[in-house]
Amino acid sequence: MKKPCLLGSMCVGAFFAFMPLAHSALVEVGDLNIINDAGNPSDGLRYLDMTYSDGLTQAAALANAQATYANARLATASEFDDLFAASAIMYDGALTASDGFLIGASAFLSTGMKYDAGALRSVLGHTQVQGPGNESTNIWTIPDSNDSTTTTRDFVRLSPITASANQFGSSPPHADLGWLIVTPVPLPSAMLLFGSGLLGLVGWRWWSTKTNVTHSPYRWFTRASCPHG
Ligand SMILES: [Ca+2]
Ligand SMILES: [Ca+2]
Ligand SMILES: [Ca+2]
């Protein structure tokens, strides 16, 4: 094959390989899924893969995430909406992803051509496997553990073909449920440097008040200055 043809084929191949992401403003970097869209209120926010929270209590999931990302926290309701928007999921009607937190019956949010064919589900990772090709991502919202239609909905479900907000009669920890955890953009290095310097000072102050002043590193300086003192 001549070089221009080879180059052309590679370009076409690359185009088709990345086509499913063409309309998505969500970028995967390791176990982070980052919104890359200046118009999105959560632009730059990093959503953790569900591996951090699958099957865990809220406290255990947060502790697990914070072991790697110290400032990890639960996503807010509006950050659910921002994630759906970045994933190019369109809604069937008035209900949006954040309605998974509100009072109401279980309901579909997005189906058919409006849904992303489970792309977001694959990006976040599955929490429930019901069979080959039938894996879902179930994200717990408000843990009221009450499946009455007059109470809050309890989780958002991303299946291969639909997104829905659902009631649930149980609560985490549950093998099929996880939490949506985000971690904000890290501070610029200058801020980090300033912050760590400040922490060092606070730590030093704490240490020096906790320990005898004769144990201070300054004692060497003092002794060196006054060898016979
Ligand atoms: Ca991912
Ligand atoms: Ca699971
Ligand atoms: Ca409920």
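Residues numbered from 1 in each chain as written. Chains lettered and ligands numbered in written order. Predicted model: local features only at pLDDT ≥ 70, side-chain atom pairs only at ≥ 80, totals over all residues.

Before going further, it helps to examine the overall build of the protein chain. When its secondary structure is counted, the protein chain shows 6 helices and 11 strands. Relative to its full complement of 229 residues, the protein chain shows a buried share of 28%. At a minimum sequence separation of 6, the contacts of the protein chain that also span at least 24 residues come to 59%. (Helix = DSSP H or I, 4+ residues; strand = E, 2+ residues; numbered from the N terminus. Buried ≥ 20, exposed ≤ 12 C-beta atoms within 10 Å, placed from the backbone. Contact = placed C-beta atoms within 7 Å.)

Right, let's get into helix H3 (residues 77-86). Most of H3 is tucked away: 8 of the 10 residues are buried. Of the residues making up H3, those classed as buried are Glu79, Phe80, Asp81, Asp82, Leu83, Phe84, Ala85 and Ala86. Looking at the packing, one finds that the buried side of H3 touches strand S1 (26-29), strand S2 (32-35), strand S3 (46-48), strand S8 (155-158) and strand S11 (181-183). At the exit of H3 stands alanine 88, carrying a positive phi of roughly 60°.

Core analysis: the biggest nonpolar cluster contains 35 residues, and Leu48, Val156 and Ile181 have the highest contact counts within it. For this core, the secondary-structure elements that each account for two or more residues are S3, helix H2 (58-66), H3, helix H4 (119-124), strand S7 (135-140), S8, strand S9 (162-166) and S11. Ranked by residues supplied to this core, first place goes to H3 with 5 residues. Dropping the residues within four chain positions of it, leucine 48 is found in contact with Asp31, Leu32, Ala65, Ala72, Ile181, Val182 and Thr183. (Core = buried A, V, L, I, M, F, W, Y, C linked by C-beta atoms within 7 Å.)

The subject of this paragraph is the confidence of the model for the protein chain. Detailed reading of predicted coordinates is not advised where the pLDDT is low. Looking at the protein chain as a whole, the pLDDT averages 83, with 72% of positions reaching at least 70. Under a pLDDT of 50 for its full length, residues 213-229 has, in the predicted model, 2 contacts with residues more than four places off or in other chains. (pLDDT = per-residue confidence, 0-100.)

Sheet architecture is open: 5 strands sit in the order S1-S2-S3-S11-S4, paired in antiparallel fashion. Of all strands in the sheet, those with a lone pairing partner are S1 and strand S4 (73-74), marking the two edges. Relative to S2, S1 runs antiparallel, the two sharing 4 bridges. Its bridge partner being in S2, valine 29 is matched across the sheet by leucine 32. (Pairing = 2+ DSSP bridges.)

For the rest of this paragraph, the subject is the environment of aspartate 82. Here aspartate 82 is to be found in helix H3. Judged by C-beta crowding, with 23 C-beta atoms within 10 Å, aspartate 82 ranks as buried. Once the C-alpha coordinates of aspartate 82 and leucine 45 are considered, the two residues, 37 residues apart in sequence, prove to be 9.6 Å apart.

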